[in-house]
Amino acid sequence: MEVQEKKGYCTLCRSRCGTLNTVRGDMLLQVRPDTSHPTGSAMCMKGKAAPELVHSPNRVLYPMRRTNPKGAA
Ligand code: SF4
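Position labels on residues start from 1 in each chain and follow its written sequence. Where totals are concerned, whole chains, interfaces and linings use all residues; where local detail is concerned, this predicted model gives features only for residues with pLDDT of at least 70, and gives and counts side-chain atom pairs only at 80 or more. The side-chain numbers reported here are obtained from all heavy atoms of the structure, hydrogens and water having been left aside.

Focus on the site of the ligand
Going by this rule: One heavy atom suffices: a residue is near a molecule or strand as soon as one of its heavy atoms comes within 4 Å of it. Each residue receives one of three labels: charged for Asp, Glu, Lys and Arg, nonpolar for Ala, Val, Leu, Ile, Met, Phe, Trp, Tyr, Cys and Pro, and polar for the others, Gly being one of them.
Surveying the vicinity of the ligand reveals the residues Cys10, Leu12, Cys13, Ser15, Arg16, Cys17, Met43, Cys44, Lys46 and Gly47. Of the residues belonging to the shell around the ligand, the class tally is six nonpolar, two polar and two charged.

Topic: unusual backbone geometry
Short version of the rule: Only DSSP runs of H or I covering at least 4 residues are called helices, and only runs of E covering at least 2 are called strands; the numbering of each starts at the N terminus.
We note that arginine 16 has phi near 55°; this positive angle belongs to a residue other than glycine. Within the secondary structure, arginine 16 is located in the loop between strand S1 (3–9) and strand S2 (18–24).

Notes on the nonpolar core
Operational definition: As used here, the term nonpolar core means buried Ala, Val, Leu, Ile, Met, Phe, Trp, Tyr and Cys residues forming a set that is joined through side-chain atoms within 4.5 Å. Buried residues are those whose accessible area, probed at 1.4 Å on protein chains only, stays under 20% of the maximum for their type, while exposed residues exceed 50% and partly exposed ones sit between those limits. Any two residues whose heavy atoms approach within 4.5 Å at even a single point are treated as in contact.
Grouped together as the largest cluster of nonpolar side chains are six residues: Cys17, Val23, Leu28, Val31, Met43 and Ala50. Not counting the four nearest positions on each side in its chain, cysteine 17 is found in contact with Gly8, Tyr9, Cys10, Thr39, Ala42 and Met43.

Here's the deal with the sheet that holds strand S3 (residues 27–33)
As a reminder, the rule being used: Any two strands with at least two DSSP bridges between them are considered paired. Working convention: axes come from line fits to C-alpha atoms, limited for helices to the stretch in contact. Angles between N-to-C directions cover 0 to 180 degrees.
Strands sit in the order S1-S2-S3 across an open sheet of three strands; the sheet is antiparallel. Each edge of the open sheet is held by one strand with a lone partner, namely S1 and S3. Strand after strand, the sheet turns through a mean of 30° between neighbouring axes, direction not considered. Bridge count between S1 and S2: seven bridges; the pairing is antiparallel. Bridging from a neighbouring strand, lysine 6 pairs with asparagine 21 of S2.

Printed below as a string of structure tokens:
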């Protein structure tokens, strides 16, 4: 499958840093700062770790529901 670079922005906090995203199909491979974007001069480590977060097997994909009554031990 072809590797592509797509422009976007990080949504992990309110700063919305501009990003260049390397993707192959549905896989996010790498995220880099997009220096042509007004907020893309740099990215923090959390933003750079986006591929690891997105594809983590521990990621919660659906809202969790309480199965015991409130206050239960
Ligand atoms: S890269 Fe970091 S600072 Fe920028 S939007 Fe993402 S989480 Fe926020």
